[in-house]
Structures are given as structure tokens and as C-alpha cells.
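Coordinates in review
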Amino acid sequence: MYSFIEEHAFEYGVRWLLKRFQLSPHAYYNNRKQRKASYYRRKEAVLNIIKDIYHRYQGKMGYRMIQQQLTYEGYRYSRLTVYKYMKELGLRSIVYKRKPPHLKGKPHKTFPNILNRDFSAKGSNQRWCTDFTYVPLSNGRMRYNCSILDLRDRSIVATKTASYMTADLAIETLQEALNQHSPKEGLILHSDQGVQFTSKAFIQFCEQNGIQQSMSKAGSPFDNAPMESFFGKLKNEQLHHYVIKN
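Residues numbered from 1 in each chain as written. Predicted model: local features only at pLDDT ≥ 70, side-chain atom pairs only at ≥ 80, totals over all residues. Heavy atoms only, no water.

1. Topic: the nonpolar core
The tendency in soluble globular proteins is for nonpolar side chains to be buried as a group. Of all hydrophobic cores here, the largest spans 25 residues; its most connected members are Trp128, Phe132, Ile148, Leu174, Leu189, Phe202 and Ile211. The set of elements that each furnish at least two residues to this core consists of β1 (127–136), β2 (142–150), β3 (155–162), α7 (167–181) and α8 (200–208). Looking at this core, the element that brings in the most residues is α7, giving 6 residues. If we ignore the near neighbours within four places in the chain, the residues touching Ile211 are Leu174, Leu178, Leu187, Leu189 and Cys206. By size, the runner-up hydrophobic cluster in this structure holds 13 residues, among which are Ile50, Ile66, Tyr85 and Leu91. (Core = buried A, V, L, I, M, F, W, Y, C linked by side-chain atoms within 4.5 Å. Buried < 20%, exposed > 50% of the residue type's maximum accessible area, 1.4 Å probe, protein only. Helix = DSSP H or I, 4+ residues; strand = E, 2+ residues; numbered from the N terminus. Contact = heavy atoms within 4.5 Å.)

Written as C-alpha cells, this is what we have:
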């Protein structure tokens with residue numbers, strides 16, 4: 001009955017409805033207060049759970065991941081509600097947006113974009129993506145990482161780090177991946193048009209091992225989105241939470 005009154009309160013007016021159904025105004029408003037109190041108790045409980053999840057994962061989770069974790073723990077709330085509650089709590093995921101330095105140079109040769117943003121693979125070791133990223137050290141210096149990702153399951157098949165971002169580092173990483181996974185001839189390796197991947201040495205290495213190169217368009221990071229996503233998560237969820245000495 002009370003829910004019916006609230007539903008039609010604007011149309012008929014609360015007082016008229018209460019009088020029509022011979023209900024006490026005190027009973028009606030007490031009922032509203034009790035339901036509000038119950039709502040605030042539930043809200044306070046979920047706010048505490050959100051804070052616990054946020055600090056449990058050192059601030060790495062945004063509202064989307066926290067909403068998924070809440071669902072996993074048996075609490076069903078929409079992303080919008082979780083976003084609103086995190087805003088009330090003043091919580092936000094720790095995100096560092098910083099563009100890596102790029103080495104300028106003239107490419108020996110570039111290749112067409114075979115993948116064309118189709119980041120799927122029917123089997124393992126058929127389509128790999130690769131790229132470089134930087135790792136800042138506490139002494140102000142940089143280390144550079146080259147990783148290779150299998151598009152079948154988005155796993156990292158090889159990764160190496162060095163003091164310089166060179167074609168040699170790219171070749172060493174690719175050699176490690178070949179040694180560990182022994183892909184068949186015809187493997188597609190997708191990268192950007194960085195001078196390391198367009199260098200004569202790297203191209204010759206790929207040709208000698210029966211690897212078909214594919215390259216993103218210049219200045220288009222979305223053409224190599226899986227690697228961009230991996231490096232972003234690696235930094236936001238791990239590297240930026242620690243002081244790396246060496």
C-alpha cells in the first residue's frame with residue numbers, strides 16, 4: 001500500500017491518498033524513515049567493502065574492476081553505482097600517463113598491416129605482437145623492455161630488458177621466443193614501424209626464420225592495441241607501485 005501511495009503521490013497528492021485509504025500520516029512517514037535507514041545501512045556496508053577491495057589491491061583497481069570483484073564476492077551493483085560510490089569516497093585507480101621516448105631514424109624497409117586490427121588467432125604460435133616500453137629506475141636512468149605476445153591467449157612468450165632500445169634487443173627477444181615455442185614457418189609477427197623492427201638486421205633475421213612481418217600504420221597505436229594494453233596494465237598495476245633500483 002505504501003509503495004502504491006509513493007507511486008501515485010505526484011498525481012493525486014500524498015494527503016489525499018492517505019485520507020482515501022484511511023492511513024495515518026505518522027505511519028506512512030515512519031515507514032519511509034525505516035526504509036531509508038535500511039538503505040543507508042546497506043550503502044555504508046558496501047562502501048566499506050569497496051574501500052577494502054581498493055586498499056587490498058593497492059589502489060590498482062578502477063570502478064570497472066571493483067564492480068567485477070563485488071559481483072564475484074556476491075554483491076550485485078551496476079558500474080554506475082560503483083563509480084558514484086567511489087567518487088563519494090574519493091577513491092580512484094592509480095594511473096600514470098606518460099609517453100615513452102621514441103628513437104628517430106630512417107627505416108630500412110616497412111611492411112603492410114596484415115592483421116588490420118584483427119587480433120585473433122586460431123592456434124598458438126601463429127600470430128605474435130611485439131613492442132618496446134621503458135622502465136624508469138630510481139637513479140633517473142631508463143631500462144628498455146621488449147616483449148612478444150601470442151594473440152591466441154594474450155600470453156607473453158618472451159621478454160627481455162636492456163639499457164638500450166636496439167634492434168639487437170628485439171632480435172634476442174625473438175630468438176628466445178623461437179627457442180621456447182618452436183613455431184611453424186609462416187608465423188606473423190606484428191609490430192610498429194620503429195627503427196628496431198625496420199632495421200636491416202631484424203628484417204634479415206625474420207626472413208631467415210620464415211617469419212612474415214606485419215606493421216602498424218605510422219602514428220597509430222590502436223593498430224598494435226594488445227601490446228599497448230599489456231604494457232599499460234603492467235605499469236599501472238605493477239611497476240608504478242614500486243621503486244625499481246636495478
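2. With respect to the packing of α7 against α8
Orientation of α7 relative to α8, taken along the N-to-C sense of each, is 15°, at an axis distance of 9 Å. Taken as axis vectors, α7 and α8 run roughly parallel relative to one another. Both α7 and α8 take part in a crossing whose hand is right-handed. Contact with α7, carried on its side by Ala167, Ala170, Ile171, Leu174, Gln175 and Leu178, involves Ala201, Phe202, Phe205 and Cys206 of α8 and no other residues of that element. Considering only residue class, the contact of α7 with α8 consists of 9 nonpolar, 1 polar and no charged. (Axes fitted to C-alpha atoms, helices over the stretch in contact; angles between N-to-C directions. Parallel < 35°, antiparallel > 145°, perpendicular 65-115°, else oblique. Left-handed = near helix turned anticlockwise from the far one by under 90°. Nonpolar A, V, L, I, M, F, W, Y, C, P; charged D, E, K, R; others polar.)

Purely spatial values, then, with no claim about function.
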